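Architecture and fold: a report
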Amino acid sequence: EFVQNFATFHEFVELFEEEIENNDELCDEVMLAAFHPKHEWAGLESHNPVHFDKRAPVPVINLLRTKQVDKYIEQGRTLDILPRNEQTLNTLGFPYLQKLYQDIMSS
């Protein structure tokens, strides 16, 4: 169900995030980074290459250590991640990324 239905996966991720936020032991320890084969950013055209920033061949939820992420943010090490990813994805272009993604999915 998660592979075919992004909405279902997204609802699950939101519930998972709520559980973490409501757990006194976990709320300051972990955060989620979720990726899905059919992820699309709201407000972008369907053929925008930036959608691939949050795509993976299968649904994935990574648990990140909040303290480590906060440390990187404080050090400024995360400032250029999104712009650099967007630039790279736009340079590669949607047709190339779509073909590459399809090749990965079919192997």
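Residues numbered from 1 in each chain as written. Predicted model: local features only at pLDDT ≥ 70, side-chain atom pairs only at ≥ 80, totals over all residues. Heavy atoms only, no water.

1. Things to note about helix α1 (residues 6–21)
One turn of the α-helix equals 3.6 residues, which is why residues spaced by three or four share an orientation. Taking 1.5 Å of rise per residue, 16 residues should cover 22 Å, and α1 covers 22 Å from first to last C-alpha, within 8% of that figure. Those residues of α1 that fall on the buried side of the exposure criterion are F9, V13 and I20. Buried residues in α1, looked at end-on, bunch into an arc of 40°, giving them a common side. For α1, exposure combined with an orientation more than 90 degrees from the buried face picks out L15, E19 and E21. Here the buried face of α1 lies against β1 (30–35) and β2 (60–65). The backbone nitrogen of A7 has a side-chain oxygen 3.0 Å away, supplied by the residue at the start of α1, namely N5. (Helix = DSSP H or I, 4+ residues; strand = E, 2+ residues; numbered from the N terminus. Expected span 1.5 Å × (residues − 1). Buried < 20%, exposed > 50% of the residue type's maximum accessible area, 1.4 Å probe, protein only. Arc of directions from axis to C-beta. Contact = heavy atoms within 4.5 Å. Polar contact = N/O pair within 3.5 Å; in protein donor to acceptor, adjacent residues only side chain to side chain.)

2. Observations regarding the pattern of salt bridges
Within this structure, the stated rule accounts for four salt bridges. Between R55 and E40 there is a salt bridge, with the nearest N and O atoms lying 3.8 Å from each other. Here R55, found in the loop between β1 and β2, pairs with E40, found in the loop between β1 and β2; they are 15 residues apart in sequence, far enough to count as distant. Here R55 falls in the buried class, since its relative accessible area comes to 14%. The residue R84 makes a salt bridge to D80 at a minimum N-O spacing of 3.7 Å. Note on R84: relative accessible area 45%, which makes it partly exposed. Looking at D80, the relative accessible area reads 39%, which means it is partly exposed. (Salt bridge = Lys/Arg side-chain N within 4 Å of Asp/Glu carboxyl O.)

3. Quick look at the layout of surface pockets
Empty space among the atoms can be located by rolling a probe the size of a water molecule over them. Put simply, the largest pocket is a space of about 400 Å³. A33, D53, L64, T78 and I81 are, among the 15 residues lining the largest pocket, the residues nearest its centre. Mapped by element, the contributors of at least two residues to the lining of the largest pocket are β1, α2 (66–74) and α3 (81–92). Ranked by residues supplied to the lining of the largest pocket, first place goes to β1 with four residues. Residues of the lining of the largest pocket, tallied by class, amount to eleven nonpolar, two polar and two charged. Of the voids in this model, the second largest pocket is the one considered here, and its volume is about 190 Å³. (1 Å grid on protein atoms, 1.4 Å probe; cavity = no way out; pocket = protein on both sides within 12 Å on 5 of 7 lines; lining within 4 Å. Points joined across faces, edges and corners; volume = space filled by probe spheres on them. Nonpolar A, V, L, I, M, F, W, Y, C, P; charged D, E, K, R; others polar.)

4. What about the side chain of K54?
With respect to the helices and strands, the residue K54 is situated in the loop between β1 and β2. Among buried charged residues, K54 stands out as having no salt bridge; its nearest opposite-charge side chain is D53, 6.6 Å away. Of the polar contacts made by the side chain of K54, one reaches the backbone oxygen of A34; its length is 2.9 Å. Not counting residues within four places of it along the chain, the set of residues in contact with K54 comprises A34, F35, H36, H39 and W41. (Lys, Arg positive; Asp, Glu negative; His and termini not counted.)

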